[in-house]
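# Survey of secondary and tertiary structure
So the chains spell out like this:
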Amino acid sequence: MVSTLTFPKGGVHPPESKGLTEQLPIQVMPLPAELHLILGQHIGAPCTPTVAKKAAVGEGDLVADVSKGLGVPLHAPAAGSIKAIATAAHPIRVTTPSITLAVDREAQPRQWTADQWQQLTAQELLQKVHDAGIVGIGGAGFPTHVKLKPPADTPVDTLLLNGAECEPYITADHRSMVEKAEEIVEGAKILLKILGIKTCVVGIENNKPDAIAAMTAAVRAAGGDDSDISVVTLQVKYPQGSEKQLIQAITGRKVPAMALPSAVGVVVHNVSTTRAVYEAVALGKPLIEKVVTISGRGIVKPANLLVKIGTKVSDIVEYCGGISDEVAKVVLGGPMMGFAVSTLDIPVTKTTSAVLFLTKEEIDTTPLSSCIRCGWCLDACPMGLEPKEIGLYVEANRPENTEQFGVFECFECGSCAYVCPAKRPLVQFVRLAKMKAKRS
Amino acid sequence: MDPQLVKMAIGGLVLLGCIGLFFGIGLAIAAQKFAVESNPLIEEVLESLPLANCGGCGYPGCEGYAIEVVTNPDVPPNLCFPGKEKVAEKVAALTGKKMTAVEDTMAVVRCSRIEGRVSHKHHYIGFSSCTAASLGFGGPSACQYACIGLGECAEACPFGAIEMVDNFPEISPDKCVSCGVCVKTCPKNIIEIQTLKARVWVPCSSKDLGKAVTSVCQVGCIGCKMCVKVCPAQAVTYENNLIHIDHKACIAYGPSCEEICVSKCPRDIFRIYDTHDMVRRDPSVGLKMAG
């Protein structure tokens, strides 16, 4: 592979900082004493519990189902009994209803048996994906089965697998691609069958040569049928892992403003989501665990951990040898788009891709100053928006006037805030503008 | 003088005069023909209003209210909060509507963060506005219902009635007209309009219970419902994990209960309502603030 693809406009290249964990194999974390299952793990209304307090549940049993509208069911990540159904801390929603599961650590782990899926119809496969509670685990948390049912008026011809992992520090997808490449390719075939198409392209940034090699080998080994899966190398640039940017980088197609990728005939899924689809369909295993990168200079033993959904961050810290005194900020997700949290008493959800323990040297706490109109944010914005104007309007208390600068097109990648020499919290301005503009 | 010049001057004057006359007549005709029917009553009502354009009445500015109160028979004459009784009487007299009593009210902050020594769970360094701060984990205060203290209400108040003292809003009873702008602005929804005749109140908006409150605040309401039980007038209720006081029932019952709700409250958060004793500050407490 000679050419490296990328999207044409904007983008930044923050220090990758992946060295802490990129060579560490995925470790399985032992079961904690308690798991906290937040009922709103995905975009849409929270689930309704289907179990009562004190009920005994087995690994993989359904514990909460879709209440209304968009959503996916939730399963018990381990055997145990339901300790409580109450509210718990949530990184964004402050508190949210959740189920506390007292884990039975003596129970035998359930064996997930391989199953033939080739005979199943696309509809049956889709139902399996839904029943396994799979959401986009790259971070967005959008129910996967919905993305696999593109609207009838926009036929899809290409499936893109997102292995860009452009956020600094995170190596969860990277390690999954290196260690579980065959499963991802198998998952891609399932997705292709559900969509009824043949073409699949895996996009990986060229700072992960071992992942590219592993995926290419797996694709070659899995050949023999009529599907056309290929691996392409992408230039290292943030935010390449964003849906619209990835589509443009790989296919050259530009998704119109406020439209879905299916408008240009493309569906994008994260490689880890693809692997979850494989486990759901071929092994009958619901989404109950995921690989989370534990990194940053503030943690004693950085790791790529396979943890059960609902594991508390404090349990992870204990397993990883504790945190050093220099920790200044704990971030759920990547440093660019993740959320800083103020307590370790929060559980891992289906969308948590990393927990970062950052020291003072790794973060910037310079207070904001006035906009100097340098225009760097305009150059950095991959969507071609004007972040500076949005910030100025919000500061002037006119958030309702920011729509003209495309505030609703912004997906909050943070490139503008990253380059801003005046240290303006531009993403926060955008979030405020969105919130207030919707309200008025 | 050169007769040529005189001729030119006269010619110019006549020409301009003609043009002036033409447009003058045109304007006079237009003024007659396209005259806008205006209700002189609206003008009069508008003149009697304070013209603060605060929007407290619920209409777009004073003119919006003047038009509505004159044209819509269902709009009462006592909606102007800044004007209070005087303006209401005037508007009622002008519109011939029945004057109903204007209740003297003011905005109160239902939070005792300062006194309860609520600490910060994280250090906030973003844009200095309460709404912005509350985007992440509900704000930096350890109590998720507490006042954030970055003064968005003070900035929004059209009457300058809110002053931030030690990062906590202090509302001046003399300046507050109960327009309700701060109530809408506060992202924590802890500002309320309350009657000045109220006998008691609860300066806490926490919906948490027991230990969750005591672990973050020294005075917060723990939801023990003691006040609900002891009130002889049944004026205190507990809905959605929040104390509600029916001030009408409380005032109607009178002082014979000796404010038993206040003396029985184990957290000392049920209080005698006194506009001069709204915020109890402890000068020994050094407040750590972000922003």
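Residues numbered from 1 in each chain as written. Chains lettered and ligands numbered in written order. Predicted model: local features only at pLDDT ≥ 70, side-chain atom pairs only at ≥ 80, totals over all residues. Heavy atoms only, no water.

### So, the overall build of chain B
Cut-off, in case you're wondering: Each helix corresponds to a stretch of at least 4 residues labelled H or I by DSSP, and each strand to a stretch of at least 2 residues labelled E; elements are numbered beginning at the N terminus. Taken over C-alpha atoms, the radius of gyration is set against a globule rule of 2.2 Å times the number of residues to the power 0.38. When a residue's accessible area, from a 1.4 Å probe over protein chains only, is under 20% of the maximum for its type it is buried; when over 50% it is exposed; and in between it is partly exposed. Two residues form a contact once any of their heavy atoms are found within 4.5 Å. Using a 1.4 Å probe, accessible areas were evaluated by the Shrake-Rupley method; residue-level cover was limited to the displayed protein chains.
Within chain B one finds 12 helices and eight strands. Relative to the compact-globule value of 19 Å for 291 residues, chain B shows a C-alpha radius of gyration of 29 Å, a clear excess of over 25%. In terms of overall dimensions, chain B has a C-alpha envelope of 105 × 50 × 30 Å along the principal axes. Put simply, chain B has 291 residues, and 43% of those count as buried. Taking the contacts inside chain B whose residues are at least 6 apart along the sequence as the reference set, 62% of them involve residues at least 24 apart. Within the structure as shown, chain B displays about 15800 Å² of accessible surface, and the carbon and sulfur contribution to it stands at 57%.

### A closer look at the overall build of chain A
This is how the line gets drawn: When charges are counted, neither His nor the chain ends are considered; positive counts come from Lys and Arg and negative counts from Asp and Glu. Lys charges are placed at NZ, Arg charges at CZ, Asp charges at CG and Glu charges at CD.
A tally of helices and strands in chain A yields 12 helices and 17 strands. The C-alpha extent of chain A, read off along each of the three principal axes, is 60 × 50 × 45 Å. Within chain A, the proportion of its 440 residues that are buried is 56%. Look at the contacts in chain A between residues 6 or more apart in sequence, and 72% of them connect residues 24 or more apart. Counting every atom, chain A has about 18000 Å² of accessible surface; 53% of that belongs to carbon and sulfur. Placing the 43 positive and 44 negative side-chain charges of chain A at their respective mean positions leaves the two points 5 Å apart.

### A closer look at the UniProt feature "binding site: [4Fe-4S] cluster 2" (unreviewed entry) in chain A
Residues and elements named next belong to chain A. Keep this limit in mind: UniProt positions are given in the numbering used here, feature names are shortened, and annotations may be inferred rather than shown by experiment.
Under the UniProt annotation, the feature "binding site: [4Fe-4S] cluster 2" (unreviewed entry) is placed at Cys-381, Cys-410, Cys-413 and Cys-416. These annotated residues cover 36 residues of sequence, and their C-alpha atoms all fall within 10.8 Å of one another, placing them together at a single site. Relative to the helices and strands, Cys-410 resides in the loop between helix H10 (387-395) and helix H11 (415-419). In contact with Cys-410, other than residues within four places in its own chain, are Leu-385, Val-430 and Lys-434.

### Concerning the sheet that holds strand S12 (residues 266-270) of chain A
All names here are of chain A. Basically, it comes down to this: By definition, two strands form a pair when at least two bridges between them are found by DSSP. Comment: axis = line fitted to C-alpha atoms, over the contacting stretch for helices; angle = value between 0 and 180 degrees taken between N-to-C directions.
Spatially, S11-S10-S9-S12 is the arrangement adopted by the four strands of the open sheet, whose pairing is parallel. Two strands lie at the open edges of the sheet, namely strand S11 (228-234) and S12, each paired on one side alone. For this sheet the average axis-to-axis angle between neighbouring strands, irrespective of direction, equals 25 degrees. Bridge count between strand S9 (residues 158-163) and strand S10 (residues 199-205): six bridges; the pairing is parallel. The residue of S10 that forms the bridge with Leu-159 is Cys-200. Together, S9, S10, S11 and S12 form the strand contacts of helix H6 (residues 243-251), whose direction differs from that of S9 by roughly 115 degrees.

### Brief notes about the interface of chain B and chain A
Defined as follows: Once two parts are brought into contact, the accessible area they lose, counted with a 1.4 Å probe and summed over both, makes up the buried area. A carboxyl oxygen of Asp or Glu within 4 Å of a side-chain nitrogen of Lys or Arg is what we treat as a salt bridge.
Every contact between the two is made by 15 residues of chain B and, on the other side, 21 residues of chain A. Summed over both partners, the interface of chain B with chain A comes to about 1500 Å²; 67% of that surface belongs to carbon and sulfur atoms. One salt bridge in this structure joins Lys-436 of chain A and Glu-152 of chain B, with 3.4 Å as the shortest N-O distance.

### Observations regarding the domain arrangement of chain A
All names here are of chain A. Where we set the bar: Here the limits of each domain have been adopted from an automatic or database domain assignment.
The domain boundaries assigned to chain A delineate domain 1 (122-283) and domain 2 (376-439). Between the C-alpha centres of domain 1 and domain 2 there is a distance of 29 Å. Counting residues at the interface gives seven residues for domain 1 and seven residues for domain 2. Where domain 1 abuts domain 2, roughly 560 Å² becomes buried across the two surfaces, and 67% of that area is made up of carbon and sulfur atoms.

### A few points about the pairing of strand S2 (residues 34-38) of chain A
Residue and element names in this part refer to chain A. Of all five residues that make up S2, four are buried, and the element is covered over most of its length. Two elements, S2 and strand S8 (residues 94-103), share five bridges in a ladder whose sense is antiparallel. Residue His-36 lies in a different strand from S8, and its bridge partner there is Thr-100.

### Quick word on the domain arrangement of chain B
Where the parts come together, the accessible area they lose is often given as the size of the interface. Residues and elements named next belong to chain B. In terms of domain boundaries, chain B breaks down into domain 1 (40-95) and domain 2 (105-272). The gap between the C-alpha centroids of domain 1 and domain 2 is 31 Å. Every contact between the two is made by seven residues of domain 1 and, on the other side, eight residues of domain 2. Taken over both partners, the interface formed by domain 1 and domain 2 buries close to 540 Å², and the fraction arising from carbon and sulfur atoms is 64%. Of all residues in domain 1, Cys-54, Phe-81 and Lys-84 give up the largest surface area on contact with domain 2, accounting jointly for 63% of the area buried on that side. The interface formed by domain 1 and domain 2 includes zero salt bridges.

### Focus on the environment of Glu-68 of chain B
Residue and element names in this part refer to chain B. Considering the arrangement of structural elements, one finds Glu-68 in helix H3 (residues 61-71). Residue Glu-68 is classed as partly exposed on the basis of its relative accessible area of 25%. If we skip the residues at most four places from it in the chain, Glu-68 touches Tyr-59 and Val-75.

### Some thoughts on the pattern of salt bridges
All names here are of chain A. Enumeration according to the criterion identifies 21 salt bridges over all chains in this entry. Its salt-bridge partner being Arg-175, residue Glu-179 comes within 3.2 Å of it at the nearest N-O pair. With Glu-179 and Arg-175 both in helix H3 (residues 172-179), this residue pair falls four residues apart, about one helical turn. What makes Arg-175 buried here is its relative accessible area of 7%. For Lys-434, the salt bridge is made with Glu-412, and the minimal N-O distance between the two is 2.9 Å. With a gap of 22 residues between them, Lys-434 in helix H12 (residues 426-439) and Glu-412 in the loop between H10 and H11 connect regions that are remote in the sequence. Lys-434 sits in the buried class, given a relative accessible area of 13%.

### Topic: the UniProt feature "domain: 4Fe-4S" (unreviewed entry) in chain B
UniProt feature "domain: 4Fe-4S" (unreviewed entry): in the numbering of this structure it lies at residues 37-97 of chain B. Helix makes up 52% of residues 37-97 of chain B and strand 0%, whereas the separation of the span's terminal C-alpha atoms amounts to 23 Å.

### Things to note about the confidence of the model for chain B
Heads up, the rule is: Confidence scores per residue from the predictor, reported as pLDDT, run from 0 to 100.
Per-residue confidence for chain B averages 87 on the pLDDT scale, and 97% of its residues sit at or above 70. The ipTM assigned to the predicted complex is 0.79, against a pTM of 0.83.

### Some points on the state of the cysteines
Residues and elements named next belong to chain B. Heads up, the condition is: Pairs of cysteine sulfur atoms within 2.5 Å are what we label disulfides.
As enumerated under the stated definition, the model contains zero disulfides over all chains in all. Between Cys-147, a free cysteine, and Cys-111, which holds the nearest cysteine sulfur, the sulfur-to-sulfur gap is 5.7 Å. Among the cysteines around Cys-257, which has no disulfide bond, Cys-261 carries the closest sulfur, lying 6.1 Å off.

### Looking at the UniProt feature "binding site: [4Fe-4S] cluster 1" (unreviewed entry) in chain B
Residue and element names in this part refer to chain B. Within this structure's numbering, the places UniProt gives as "binding site: [4Fe-4S] cluster 1" (unreviewed entry) are Cys-54, Cys-57, Cys-62 and Cys-80. In terms of the greatest pairwise C-alpha distance, the residues named above, spread along 27 residues, form a tight cluster of at most 9.4 Å across. Structurally, Cys-80 can be placed in the loop between H3 and helix H4 (84-95). Given the relative accessible area of 11%, Cys-80 is considered buried. Ignoring any residue separated from it by four or fewer positions in sequence, one finds Cys-80 in contact with Leu-49, Pro-50, Tyr-65 and Val-87.

### Brief notes about the packing of aromatic side chains
Keep this limit in mind: Geometry of aromatic contacts follows a simple scheme: Phe, Tyr and Trp rings, the Trp one being its six-membered ring, pair when their centres are within 6.5 Å, and the pair is stacked under 30 degrees between planes, edge-to-face over 60, tilted otherwise. Comment: the charge-over-ring label is applied if NZ (Lys) or CZ (Arg) is within 6 Å of the ring centre and within 35 degrees of the ring normal.
In total, this model carries five aromatic pairs over all chains according to the counting rule given. Consider the rings of Phe-22 of chain B and Phe-23 of chain B, whose centres lie 5.4 Å apart with planes at 75 degrees: the pair is edge-to-face. Lying over the aromatic face of Phe-7 of chain A, Lys-237 of chain A brings its terminal NZ or CZ to 4.5 Å of the ring centre.

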